[in-house]
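The lines below spell out each chain.
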Amino acid sequence: SGLLDQPVPEVRGPKRVVSVGQFTSIGAFETKYGSWDIGGGLAAMLTTALQESGRFIVVERAQLQGILTEQEMAGNKVSSGTGPELGKVLGVQLMILGAVTEFGTDDEGGGFSLGLGVGGLTDMFGDNDASAGVSRQSMSGTVALDMRVVDTTTGRVLQSFRVAEQIDNSAWDLSIGYDLVNVGTNSFIKTPLGEATRKAINTAVGKIALVANDAAWQGRVVDFDAGEIYINAGSASGIKSGDAFTIERVVKRLTDPETNEVLMVRKQELGIVEVEQVLPKVAIGNFQALGMEQPQRGDFAVMIEN
């Protein structure tokens, strides 16, 4: 069974291209749960859930990692200021970043404890035959994530939000047994901690869909030749013949010299294109200029909503 168990709001227009960056987490989580990669594990779950929703085109972190490494080597961490460069390379419109701020249970009333002798992402969410001792005591606690959705065009944070789910003792699946738990995908989800994590991920996907719905779809100009514009998305993204786009160019981006936060983005509208031919990954249409400037590879194509 998948991670999603509740409806996801519809997103108008073509599918937005999104990617999930690394989630940070408090070191105490790793101390408590052995060598589990809590941040990486929840980021992987969110990536899977976004794919399951069918609302997005998801760029896997494996594709993202090489770009992140190059930026880190250049001293250019993923922040509000590096979003545009990252989006330009990968074609990503929305980047989801976050932090795991609560993960697990309180010590009051006995608590819920995992005694782990395993580590790594595959042990936590994969299919490895890992096990943990679990105490049969009353439990309380929370799984909570702070997230922000970044527009890679401008580097601006479109929305920040927090999702939190209480760990529910009644979510425990008695068929698993209390003294031996497989820490694979299915067995983890069936634990109270795993069920709370699933609920938090479900809520996060719904919120991301609402943010995406408010952000106009945009792609990039691949080529401009003899009056025709080629856009880097087609039928696979949901673009149809007759769709119209404004062709825009970022002419000024002001950032804070201390925080690198994007303070202002100024765009120039070059003209309009109406799609006449749609291929799986490319849309083609005739360009109607608004001035003397001609489109260039890398300019933005922003959908005009009806």
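Residues numbered from 1 in each chain as written. Predicted model: local features only at pLDDT ≥ 70, side-chain atom pairs only at ≥ 80, totals over all residues. Heavy atoms only, no water.

What follows is about the overall build of the protein chain. Within the protein chain, the secondary structure is distributed over seven helices and 14 strands. Across the 306 residues of the protein chain, 47% fall into the buried class. Of the contacts formed within the protein chain by residues at least 6 apart in sequence, a portion of 71% connects residues at least 24 apart. (Helix = DSSP H or I, 4+ residues; strand = E, 2+ residues; numbered from the N terminus. Buried < 20%, exposed > 50% of the residue type's maximum accessible area, 1.4 Å probe, protein only. Contact = heavy atoms within 4.5 Å.)

A few words on the pairing of strand β13 (residues 283-289). As paired elements, strand β10 (residues 228-231) and β13 share four bridges and run antiparallel to each other. When the bridges of β13 are listed, Glu 228 appears paired with Asn 286. By the bridge criterion, seven bridges tie strand β12 (residues 262-278) to β13 in an arrangement that is antiparallel. In the strand pairing of β13, Gly 271 is matched with Ala 289. As consecutive antiparallel partners, β12 and β13 are separated by four residues. (Pairing = 2+ DSSP bridges.)

One can find Arg 16 in strand β1 (residues 16-25). This buried residue, Arg 16, is left without a salt bridge; Glu 305 holds the nearest opposite charge, at 4.6 Å. Of note is the side chain of Arg 16, whose polar atom sits 2.9 Å from the backbone oxygen of Pro 14. Within the structure, the side chain of Arg 16 is placed 2.7 Å from the backbone oxygen of Ala 215, a separation counted as a polar contact. Residues within four places of Arg 16 in sequence aside, it is in contact with Val 11, Arg 55, Phe 56, Ile 57, Gln 93, Leu 94, Ala 212, Asn 213, Ala 215, Ala 216 and Trp 217. (Lys, Arg positive; Asp, Glu negative; His and termini not counted. Salt bridge = Lys/Arg side-chain N within 4 Å of Asp/Glu carboxyl O. Polar contact = N/O pair within 3.5 Å; in protein donor to acceptor, adjacent residues only side chain to side chain.)

Moving on to the sheet that holds strand β14 (residues 300-303). With respect to topology, six strands assemble into a closed barrel ordered β9-β10-β13-β12-β11-β14, the strand pairing being antiparallel. Adjacent strand axes in the sheet meet at a mean angle of 45 degrees when their direction is disregarded. Of the strand pairs in this sheet, strand β9 (residues 218-225) and β10 are connected by four bridges, and their pairing is antiparallel. Bridging across to β10, Phe 224 finds its partner in Ile 229. (Axes fitted to C-alpha atoms, helices over the stretch in contact; angles between N-to-C directions.)

Turning next to the nonpolar core. Phe 23, Leu 46, Leu 50, Ile 96, Phe 103 and Leu 145 are the most contacted members of the largest nonpolar core, which totals 39 residues. Elements with a contribution of two residues or more to this core: β1, α2 (38-53), β2 (56-59), β3 (94-105), β6 (141-151), β7 (157-166), α6 (185-189) and α7 (192-214). Element by element, the count of residues in this core is highest for α7, at ten residues. Those residues in contact with Leu 145 that sit more than four places away from it in its chain are Phe 23, Leu 42, Ala 99, Val 100, Thr 101, Phe 161, Arg 162, Val 163 and Ala 200. (Core = buried A, V, L, I, M, F, W, Y, C linked by side-chain atoms within 4.5 Å.)

We now examine α2. Each full turn of the α-helix corresponds to 3.6 residues, which orients residues three or four apart in the same direction. With 16 residues, α2 ought to run about 22 Å at 1.5 Å a step, and its terminal C-alpha atoms sit 23 Å apart, in line with that. Where burial is concerned, most of α2 is hidden: twelve out of the 16 residues are buried. Taken as a whole, α2 has its buried residues at Ile 38, Gly 39, Gly 40, Gly 41, Leu 42, Ala 43, Met 45, Leu 46, Thr 47, Ala 49, Leu 50 and Ser 53. Trailing α2 by a residue or two, Gly 54 shows a phi angle of about 75 degrees, which is positive. (Expected span 1.5 Å × (residues − 1).)

Side chains on a regular strand alternate between the two faces of the sheet. Note that strand β11 (residues 244-255) and β12 share eleven bridges and pair antiparallel. When the sheet's bridge partners are listed, Thr 255 is paired in β12 with Val 262. Here β11 folds back onto β12, and the loop between the two strands holds six residues, one of which, Asn 260, carries a positive phi near 70 degrees.

Our focus in this paragraph is the packing of aromatic side chains. For the structure on display, the rule yields two aromatic pairs. Residues Phe 224 and Phe 287 carry aromatic rings whose centres are separated by 5.6 Å and whose planes lie at 80 degrees to one another, so their mutual orientation is edge-to-face. One end of the pair, Phe 224, is in strand β9; the other, Phe 287, is in strand β13, and 63 residues separate them in sequence. Given the relative accessible area of 13%, Phe 287 is considered buried. Here the basic side chain of Lys 267 rests over the ring of Phe 300, its NZ or CZ set 5.8 Å away from the ring centre. (Phe/Tyr/Trp six-rings, centres within 6.5 Å; stacked < 30°, edge-to-face > 60°. Lys NZ or Arg CZ within 6 Å of the ring centre and 35° of its normal.)

For the rest of this paragraph, the subject is unusual backbone geometry. Of note in the backbone geometry, Ala 226 takes a positive phi value of approximately 50 degrees without being a glycine. Along the polypeptide, Ala 226 turns up in the loop between β9 and β10.

With respect to the secondary-structure elements, Leu 46 resides in helix α2. The class for Leu 46 is buried, based on a relative accessible area of 0%. Placed 156 residues apart in sequence, Leu 46 and Asn 202 show a C-alpha to C-alpha distance of 8.3 Å. Once residues within four sequence positions are removed from consideration, Leu 46 is found in contact with Val 20, Phe 23, Ile 96, Met 147, Ile 201, Ala 204, Val 205 and Ile 208.

Oppositely charged side chains are able to pair whenever their charged atoms sit close together. Counting across every chain of the model gives nine salt bridges. As a salt-bridge pair, Glu 195 and Arg 198 come within 3.6 Å of each other at their nearest N and O atoms. Taken together, the positions of Glu 195 and Arg 198, both in helix α7 and three residues apart, correspond to about one turn of that helix. Just as Glu 195 is buried, Arg 198 falls in that class too. Within this structure, Asp 5, Glu 195 and Arg 198 form a network of salt bridges that share partners.

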